[in-house]
Amino acid sequence: EDTTLSLLRVWLDLMGRQERVNLYSGIEVLMKHAKAHLSPKPRRDFVQHLVDAIVEKPERYRNLTSQLGELQKSIGGRLLDDDQAEKLIRARLEASDRFIYGIPELFALLSPERRESTLRSVWNQVPKGQRSFFALQILPAMKEPLASTFGDILVGAFESGWSDADDANMFQYYVPNL
């Protein structure tokens, strides 16, 4: 099992260095192998290695940020502390010129106490045309009830971003996700 874990880590690192590798499908294969062949502790170690790679190179692993919540759920317990999660949110927003894919879901990785201050501190980095959509995407990612002040901020953000929305007609398709 130690050799399998070492091999999976090296394989992940090699894929992360190759620009032509499809990271999403490659990591999916590695995760299936880890789930089938590693006991819980080494599997958690492998997942943590993946998360560390994502935090270290968020732009390279940008297509995987939306999967962090599922990874966290699959191993039980937190994968990132609040500082790491906030750093990842900031890095993804800085690298994003227009699209926010995978960024709102990262708020679920923050402790409930930290969500409001983080949202307020990064709000100006969210593209104006995406702000209402951003607020809508945070809500379904949360696994526990929201603090009322954080909920009020999301509602206010949705409302204030409406007039700048790229296409306000698209919001109707997100109602089932609430």
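Higher on the page you've got the structure.
Residue positions within a chain follow its written sequence, with the count starting from 1. Totals for whole chains, interfaces and linings use every residue, but because this is a predicted model, local features are given only for residues with pLDDT of at least 70 and side-chain atom pairs only at 80 or more, for both listing and counting. The side-chain quantities take in all heavy atoms of the structure and omit both hydrogens and water.

**As for the overall build of the chain**
Working step 1: Working definition: helices are DSSP H or I runs of at least four residues, strands are E runs of at least two. Numbering for both runs from the N terminus. Helix and strand content of the chain: 8 helices and 0 strands.
Working step 2: From first element to last, N terminus to C terminus, the chain shows the α and β order α-α-α-α-α-α-α-α.
Working step 3: The C-alpha radius of gyration computed for the chain amounts to 17 Å, which stays within 12% of the reference 16 Å derived for 178 residues, consistent with globular compactness.
Working step 4: Considering only C-alpha atoms, the chain reaches an extent of 55 × 35 × 30 Å along its principal axes.
Working step 5: Under the scheme applied here, a residue whose accessible area is under 20% of the maximum for its type counts as buried, over 50% as exposed, and between as partly exposed, the area being computed with a 1.4 Å probe on protein chains only. Burial statistics for the chain: of 178 residues in total, 42% are counted as buried. Radius of gyration here uses only the C-alpha atoms, and the compact-globule reference equals 2.2 Å multiplied by the residue count raised to the power 0.38.

**Description of empty space enclosed by the protein**
Working step 1: In this analysis a 1.4 Å probe is tested at points of a 1 Å grid over the protein atoms alone, and where it fits but cannot get out there is a cavity; an open set with protein on both sides within 12 Å along at least five of seven lines is a pocket; lining residues have an atom within 4 Å of a point. Grid points are joined across faces, edges and corners, and a volume is the space filled by probe spheres set on the points. Taken as a whole, this structure holds 1 cavity of 30 Å³ or more when the rule is applied.
Working step 2: If you go around the largest cavity, the residues you meet are Pro-112, Arg-115, Glu-144, Pro-145, Leu-146, Ala-147 and Phe-150.
Working step 3: Charged residues are taken to be Asp, Glu, Lys and Arg, nonpolar residues to be Ala, Val, Leu, Ile, Met, Phe, Trp, Tyr, Cys and Pro, and polar residues to be all remaining types, Gly included. Considering only residue class, the lining of the largest cavity consists of 5 nonpolar, no polar and 2 charged.

**What about the packing of aromatic side chains?**
Working step 1: Within 6.5 Å between ring centres, the rings of Phe, Tyr and Trp (the latter by its six-membered ring) count as paired, and their orientation is classed by plane angle as stacked under 30 degrees, edge-to-face over 60, tilted in between. Counting across every chain of the model gives 3 aromatic pairs.
Working step 2: For the ring pair Phe-107 and Phe-134, a centre distance of 6.0 Å and an interplane angle of 90° mean the geometry is edge-to-face. Within this pair, whereas Phe-107 is found in the loop between α5 (82-95) and α6 (112-122), its partner Phe-134 is found in helix α7 (residues 131-141), the two being separated by 27 residues in sequence. Residues Phe-107 and Phe-134 agree in their burial class; the two are buried.
Working step 3: Both rings, one in Trp-123 and one in Phe-134, keep their centres 6.1 Å apart while their planes meet at 70°; by these two values the pair is edge-to-face. On the criterion of sequence distance, the pair formed by Trp-123 in the loop between α6 and α7 and Phe-134 in helix α7 is long-range, its members being 11 residues apart.
Working step 4: Trp-123 sits in the buried class, given a relative accessible area of 15%.
Working step 5: An aromatic cluster is built from Phe-107, Trp-123 and Phe-134, whose rings are joined through pairwise contacts.

**Looking at the packing of α7 against helix α8 (residues 148-161)**
Working step 1: Here α7 crosses α8 at 150°, and the two axes come no closer than 7 Å. As far as their axial angle goes, α8 and α7 are roughly antiparallel. Helix-helix and strand crossings are classified by hand; for α7 and α8 the assignment is left-handed. Mapping the contact onto sequence places Arg-131, Ser-132, Ala-135, Leu-136 and Ile-138 in α7 and Phe-150, Leu-154, Ala-157, Phe-158 and Gly-161 in α8.
Working step 2: A per-class count over the contact of α7 with α8 returns 7 nonpolar, 2 polar and 1 charged. To obtain an axis, a line is fitted to C-alpha atoms, over the contacting stretch when the element is a helix, and the angle between two such axes runs from 0 to 180 degrees between their N-to-C directions. Each angle receives one of four descriptions, namely roughly parallel if under 35 degrees, roughly antiparallel if over 145, roughly perpendicular if within 65 to 115, and oblique otherwise. Each crossing gets its handedness from the near helix: less than a right angle anticlockwise from the far helix is left-handed, clockwise is right-handed. Whether two residues touch is decided by their heavy atoms; if any such pair falls within 4.5 Å, the residues are in contact.

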